[in-house]
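Overview (structure and organization)
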Amino acid sequence: MGLIRNLNELREHFPALKQVINGRKIVYFDNGATTQKPLCVTSLVNMMNEGINGNIHRAVHELSARSTELYEGARERVRKFINAQYPEEIIFTSGTTAGLNLLASSFGGKFLNEGDSVLLTEAEHHSNIVPWQMVCERRGAKLKVMPVDEDGIWRFDLIERYLTPDVKIVSVAHISNVLGLVNPVEEIVSAAHKKGIPVILDGAQGIVHEKVDVRKLGCDFYLFSGHKLYGPTGTGVLYGKKALLENMPPWLGGGDMVDTVTFEKTTYAALPLKFEAGTPNFIGAAGMGEAINFTESVSEEFLRNHEKALTGQMLEGLGKIDGLRIYGTGKGKIPLFSFSVEGIHPTDLAMLLDKMGIAVRSGMMCAEPLIRRFGCHGLLRASLAMYNTSEEIDYFLKSLQRAVKMLT
Ligand code: PLP
């Protein structure tokens, strides 16, 4: 496939964008939740379901060998994509949430003790709050929360006050799913590492909009979900530095994660299988590898300019609507916009927009502490992907104005 350099060509790869919803060609602005899939991904998944299907790693027969090759090929694809040093640093999961639960249970379970803390920020997804709360409860540890300011920007000026000796883990979002701002993650890695504290980056949104190089970021762990990156649902990656992963106990037990099993004692497989118990979603993982191939077939220059233009157009248009407040403004804004409109419930707006063929998200967006910090009970979120167009933004802005009028 040659490099894709224009929008019409890019959109041709996504049949979902041609759907008619409520009598209108869909305007899909809920990409922060999940993205549509290109044909190369659905074709590979279909081909595997139709026949290139044998359980991986276990059998000597040809179908098992072909599936294993696609699965391990995807691991190598991911390794290159994020510039990890070794393929065994790539653990396939069912998504960011599963990866964070694995880390909380395994890493947190081993290294958190009574009186210790896990440092988060106020702008985390529930997936990066609740698993830590659960392990803290078990281990007698607690959460520490670095605040954000009125614009949603990390109060990084306070970092030294938060990186106290009781902090044993820092776990923060690369990009918040509400604010759409690229956080100063290299800076927090550097500050934490000076004190010997490992850093986990929740890259569910970051992987889509930033070029991620885990060695440059210096993070100890990086997590993302395949379905937000144009890949299949039920797929994801936990990247971890080899030495750290080797030092962690397994999370789930079962087939494929063992070396030898007796009723007296089990010894575990080497990385990465130690963390991949049972039959993994090997078809999905191969599909995620294909999605990565696809994103890399889109010209970087086109992508950068296009995302910048979409962001500028949305910010300008939203800024003209009376009573509308955007949460998350500042440098490094991705095309993801959470906002409120004075006196109107976001769900009412989302329902009216749906009738106009526009898909947006409304509510707490799995970030209740952040939404409440802004004094809100919910927000509306329009999150764009590389396949969205300037014409769709025009239509969205006009429709939003119409809906606002209808509700005031
Ligand atoms: N973290 C962030 C920043 C997210 O945006 C999301 C999903 O919206 C998640 C974690 C959880 O991802 P998943 O539901 O794919 O596990």
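What you see as residue numbers is a count from 1 along each chain, following the sequence as written. Under the rules for a predicted model, residues below a pLDDT of 70 receive no local features and side-chain atom pairs below 80 are neither given nor counted, while totals for whole chains, interfaces and linings still include all residues. Excluding hydrogens and water, the side-chain values take into account all heavy atoms of the structure.

1. Observations concerning the layout of surface pockets
The calculated volume of the largest pocket comes to roughly 750 Å³. Put plainly, a pocket is an open set of points on a 1 Å grid over the protein atoms alone with protein on both sides within 12 Å along at least five of seven lines, a cavity is a set where a 1.4 Å probe fits but cannot get out, and a lining residue has an atom within 4 Å of a point. Lining of the largest pocket is provided by 25 residues; of these, Val 208, His 209, Glu 210, Lys 211 and Leu 303 occupy positions nearest its centre. Comment: elements are numbered from the N terminus, with helices defined as DSSP H or I runs of at least four residues and strands as E runs of at least two. Elements that contribute at least two residues to the lining of the largest pocket include exactly α8 (206-209), α11 (282-296) and α12 (300-319). The element that contributes the greatest number of residues to the lining of the largest pocket is α12, accounting for 7 residues. Lys, Arg, Asp and Glu make up the charged group, whereas Ala, Val, Leu, Ile, Met, Phe, Trp, Tyr, Cys and Pro make up the nonpolar group; the residues left over, Gly among them, are polar. A class-by-class count of the residues in the lining of the largest pocket yields 12 nonpolar, 5 polar and 8 charged. Boundaries between domains were set according to an automatic or database domain assignment. Here the lining of the largest pocket spans two domains, since at least three of its residues come from each of domain 1 (7-30 + 299-406) and domain 2 (44-295). Volume-wise, the second largest pocket comes out at about 440 Å³. In terms of lining residues, the second largest pocket is bounded by 21 residues, among which Val 182, Asn 183, Pro 184, Val 185 and Glu 210 are the most central. Of all the secondary-structure elements, those providing two or more residues to the lining of the second largest pocket are α7 (185-194) and α9 (214-217). Grid points are joined across faces, edges and corners, and a volume is the space filled by probe spheres set on the points.

2. With respect to the pattern of salt bridges
Here a salt bridge means any side-chain nitrogen of Lys or Arg lying within 4 Å of a carboxyl oxygen belonging to Asp or Glu. Overall, the coordinates contain 22 salt bridges when judged by the stated rule. The salt bridge involving Lys 241 is made with Asp 220; its shortest N-O contact spans 3.2 Å. With Lys 241 in the loop between β10 (236-240) and α10 (242-246) and Asp 220 in the loop between α9 and β9 (221-225), this residue pair connects regions lying 21 residues apart in the sequence. Under the relative-accessibility criterion, Asp 220 is labelled buried at 6%. Here Arg 372 and Glu 368 are joined by a salt bridge, their closest N and O atoms 3.1 Å apart. Note that Arg 372 and Glu 368 are positioned in helix α14 (residues 368-373) at a spacing of 4 residues, about one turn of the helix. Accessible area is worked out with a 1.4 Å probe on protein chains only. A residue is then buried under 20% of its type maximum, exposed over 50%, and partly exposed in between.

3. Here's the deal with helix α4 (residues 96-111)
Taking 1.5 Å per residue, 16 residues should reach 22 Å; α4 reaches 21 Å between its end C-alpha atoms and fits that length. Within α4, the full set of buried residues consists of Thr 96, Ala 98, Gly 99, Leu 100, Asn 101, Leu 102, Leu 103, Ala 104, Ser 106, Phe 107 and Gly 108. Every helix has an expected span of 1.5 Å times one less than the residues it contains.

4. Quick notes on the site of the ligand
Nearness here has a simple test: a residue counts as near a molecule or strand if at least one of its heavy atoms is within 4 Å of that partner. Around the ligand, a shell composed of 13 residues is seen, among which Thr 97, Asp 202, Ser 225, His 227 and Lys 228 lie nearest. Polar contact is the term for a pair of N or O atoms within 3.5 Å; when the atoms are in protein, one must be able to donate a hydrogen and the other to accept it, and sequence-neighboring residues count only if both atoms are side-chain atoms. Taking Thr 97, its side chain carries an N or O atom lying 2.6 Å from an oxygen atom of the ligand. His 227 is positioned such that a nitrogen or oxygen atom in its side chain is 2.7 Å from an oxygen atom of the ligand. Against a free-state accessible area of 400 Å², the protein chains account for coverage of 86% of the ligand. Here the residues of the shell around the ligand sort into 2 nonpolar, 9 polar and 2 charged. A 1.4 Å probe and the Shrake-Rupley method give the accessible areas. Residues count as covered only by the protein chains that appear here.

5. What to know about the domain arrangement of the protein chain
Along its sequence, the protein chain is carved into domain 1 (7-30 + 299-406) and domain 2 (44-295). Each of domain 1 and domain 2 was reduced to a C-alpha centroid, and the two centroids are 28 Å apart. In what follows, residue pairs with any heavy atoms lying within 4.5 Å of each other are defined as contacts. Residue-level contacts link 32 residues of domain 1 with 26 residues of domain 2. Buried surface area refers to the total accessible area, computed with a probe of radius 1.4 Å, that the two partners give up upon joining, counted for both partners together. Of the roughly 2,300 Å² buried between domain 1 and domain 2 on both sides combined, carbon and sulfur atoms contribute 59%. Broken down residue by residue, the surface that domain 1 buries against domain 2 is led by Ile 334, Leu 370 and Arg 373, which jointly contribute 25%. Counting across the domain 1 and domain 2 interface gives 3 salt bridges. Residues Glu 150 and Arg 325 are paired through a salt bridge, measuring 3.4 Å at the closest nitrogen-oxygen approach. Here domain 1 is connected to domain 2 by 16 residue pairs in polar contact (both at pLDDT 80 or more). Broken down by secondary-structure element, the contributors of at least two residues to the side of domain 1 that touches domain 2 are α12, β13 (324-327), β14 (336-341), α14 and β17 (379-383).

6. Here we look at the state of the cysteines
By convention in this document, the label disulfide applies to cysteine sulfur atom pairs within 2.5 Å. The full count for this structure, using the stated rule, is 0 disulfides. Cys 366 provides the cysteine sulfur closest to Cys 136, a residue in no disulfide bond, and the two sulfurs are 20 Å apart. Among the residues examined, Cys 136 registers a relative accessible area of 4% and is labelled buried. Note on Cys 366: no disulfide assigned, nearest cysteine sulfur contributed by Cys 376 at a separation of 16 Å.

7. Overview of the sheet that holds strand β8 (residues 199-202)
Read across the sheet, 7 strands follow the order β4-β10-β9-β8-β7-β5-β6 without closing on themselves; strand pairing throughout is mixed. Where the open sheet ends on each side, the last strands, each with one partner, are β4 (90-93) and β6 (142-146). Each adjacent strand pair in this sheet contributes to an overall mean axis angle of 20 degrees, direction not counted. Any two strands are treated as partners once DSSP identifies two or more bridges connecting them. The pairing of β9 with β10 spans 5 bridges and is antiparallel. Of the residues in β10, the one forming a bridge with Phe 221 is Gly 240. Helix α3 (residues 62-82) rests against β4, β9 and β10 of the sheet, and its axis sits at about 120 degrees to β4. Running at roughly 150 degrees to β9, α4 makes contact with β4, β7 (167-173), β8, β9 and β10 of the sheet. Between N-to-C directions, angles cover 0 to 180 degrees, with each direction set by a line fitted to C-alpha atoms, over the stretch in contact for helices.

8. Remarks on empty space enclosed by the protein
A water-sized probe rolled over the atoms picks out the places where empty space is left. What the rule picks out here adds up to 1 cavity of 30 Å³ or more. Contributing to the lining of the largest cavity are 13 residues, with Asn 31, Gly 32, Gln 205, His 209 and Leu 384 lying nearest its centre. Among the residues forming the lining of the largest cavity, the class breakdown is 6 nonpolar, 6 polar and 1 charged.

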